[in-house]
Amino acid sequence: MCPLSLPEAYQEYLEIIYRLSLQNPGGWVKNKDISDRLNVKAPSTSSMLEKLTVKGLIEWVPRSGIRLTDMGKEKAKIIIRNHIIIEVFMMNVLKITNPEHLNQIACDFEHHITPEIAERMQNLLGIDDYVKNVDNFILEDKLPSHIHTNPVYSEKKIKQAFDIAEAQLHMENLPNDEQEKIKQALRSFWTTLSSFDK
């Protein structure tokens, strides 16, 4: 069961329970802590916990608290990983730096990132190794600004760079056959690059 197949409210609870669980021995979380973090009333929390229990996503033991099952933990990690990927993309590609805006947008979009989209974004940014262990981000409770990504350029900028490179060839005193070889290499590279999206 993909996290995206769950209603957003379920996903929100899984994420919060997982984040809180890392601060508590044995991963047990209290109802009140969940209610406070989500700013909802206790009856609403209890109602949702019953649904998560039926789905096999949490263990709920009276007076001990709530703990994610292995399946619940796996889904929570995917949601949090999506959150991190979105924040990194917005900071490094869209150049959005306001922490509140970053968090709000990531919270809104994290529920709609399919595994395929997440993988493509990770590959684009080159951050696969960074997001393997989401616990680091939760425990440090900071924006992933320390993550270095691949530079991401628009197709327009890349084409401009190729045009400039070709124009500069005319200014170099290279033999015509050498110029033609370089031009052919540039065209071949551009054709290969353009084919990736097809």
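Refer to the preceding data block for the structure.
What comes next is a walk through the structure. Along each chain, residue indices are assigned from 1 in the same order as the chain's sequence is written. The model is predicted, so local features are restricted to residues of pLDDT at least 70 and side-chain atom pairs to those at 80 or more, both for listing and for counting; the totals for chains, interfaces and linings are taken over all residues. Hydrogens and water are ignored here; the side-chain numbers use all heavy atoms of the structure.

### Examining the overall build of the protein
Only runs of H or I of at least four residues qualify as helices and only runs of E of at least two qualify as strands under DSSP, and these elements are numbered from the N terminus. When helices and strands are tallied, the protein shows 9 helices and 2 strands. Along its sequence from the N terminus, the protein presents helices and strands in the succession α-α-α-β-β-α-α-α-α-α-α. What makes two residues a contact is simply this: any of their non-hydrogen atoms within 4.5 Å. Considering only residue pairs separated by 6 or more positions, the protein has 61% of its internal contacts joining residues 24 or more positions apart. Counting only carbon and sulfur atoms, one obtains 53% of the accessible surface of the protein, whose full area is about 12400 Å². Residue-level accessible areas treat just the shown protein chains as cover; the underlying method is Shrake-Rupley with a 1.4 Å probe.

### Focus on unusual backbone geometry
Even without a glycine there, the phi angle at asparagine 39 is positive, about 60°. Positionally, asparagine 39 belongs in the loop between helix H2 (31-38) and helix H3 (42-54). Note on exposure labels: buried denotes an accessible area under 20% of the residue type's maximum, exposed denotes more than 50%, and partly exposed covers the range between, all computed with a 1.4 Å probe on protein chains only. Among the residues examined, asparagine 39 registers a relative accessible area of 70% and is labelled exposed. Notably, lysine 95 is not glycine yet its phi reads approximately 60°, a positive angle. Position of lysine 95 among the secondary structure elements: in the loop between helix H4 (70-92) and helix H5 (99-109). Judged by relative accessible area, lysine 95 falls into the exposed class, the value being 59%.

### Notes on the packing of helix H1 (residues 8-21) against H4
Helix axes use the C-alpha atoms of the stretch in contact, all axes being lines fitted to C-alpha atoms, and the angles between their N-to-C directions lie in the range 0 to 180 degrees. For the pair H1 and H4, the least separation of the axes is 9 Å and the interaxial angle reads 95°. When the axes of H1 and H4 are compared, the pair comes out roughly perpendicular. Where H1 abuts H4, its residues Gln11, Leu14, Glu15, Tyr18 and Arg19 lie against Gly72, Lys73, Lys75, Ala76, Lys77, Ile79, Ile80 and His83. Each angle is binned into one of four classes, with values under 35 degrees roughly parallel, values over 145 roughly antiparallel, values of 65 to 115 roughly perpendicular, and all other values oblique.

### Some details on the nonpolar core
Residues belong to one nonpolar core when they are buried, are Ala, Val, Leu, Ile, Met, Phe, Trp, Tyr or Cys, and are joined through side-chain atoms within 4.5 Å. Counting residues in each nonpolar core, the largest one holds 32 residues, and the members touching the most others are Leu14, Ile17, Ile34, Leu49, Leu52, Ile58 and Leu68. Those elements that place two or more of their residues in this core are H1, H3, strand S2 (65-68), H4, H5 and helix H6 (115-125). No other element matches H4, which puts 8 residues into this core.

### Focus: the environment of isoleucine 58
Topologically, isoleucine 58 is positioned in strand S1 (residues 58-61). The class of isoleucine 58 is buried, set by a relative accessible area of 4%. Isoleucine 58 sits 41 residues away from isoleucine 17 along the chain, and the two C-alpha atoms are 9.3 Å apart.

### Topic: the pattern of salt bridges
Salt bridges, as used here, are contacts in which a Lys or Arg side-chain nitrogen is within 4 Å of a carboxyl oxygen on Asp or Glu. The final tally for this structure, using the stated rule, is 4 salt bridges. One salt bridge connects lysine 32 with aspartate 36, and the closest N-O pair in it is separated by 2.8 Å. Placement of the pair is lysine 32 and aspartate 36 together in helix H2, with a separation of 4 residues, close to one helical turn. By relative accessible area, aspartate 36 is classed as partly exposed at 45%. Of the charged contacts, one joins arginine 120 and glutamate 116 as a salt bridge, the two residues approaching to 3.5 Å between their closest N and O atoms. Here the residue arginine 120 and the residue glutamate 116 both occupy positions in helix H6, the gap between them amounting to 4 residues, near one helical turn.

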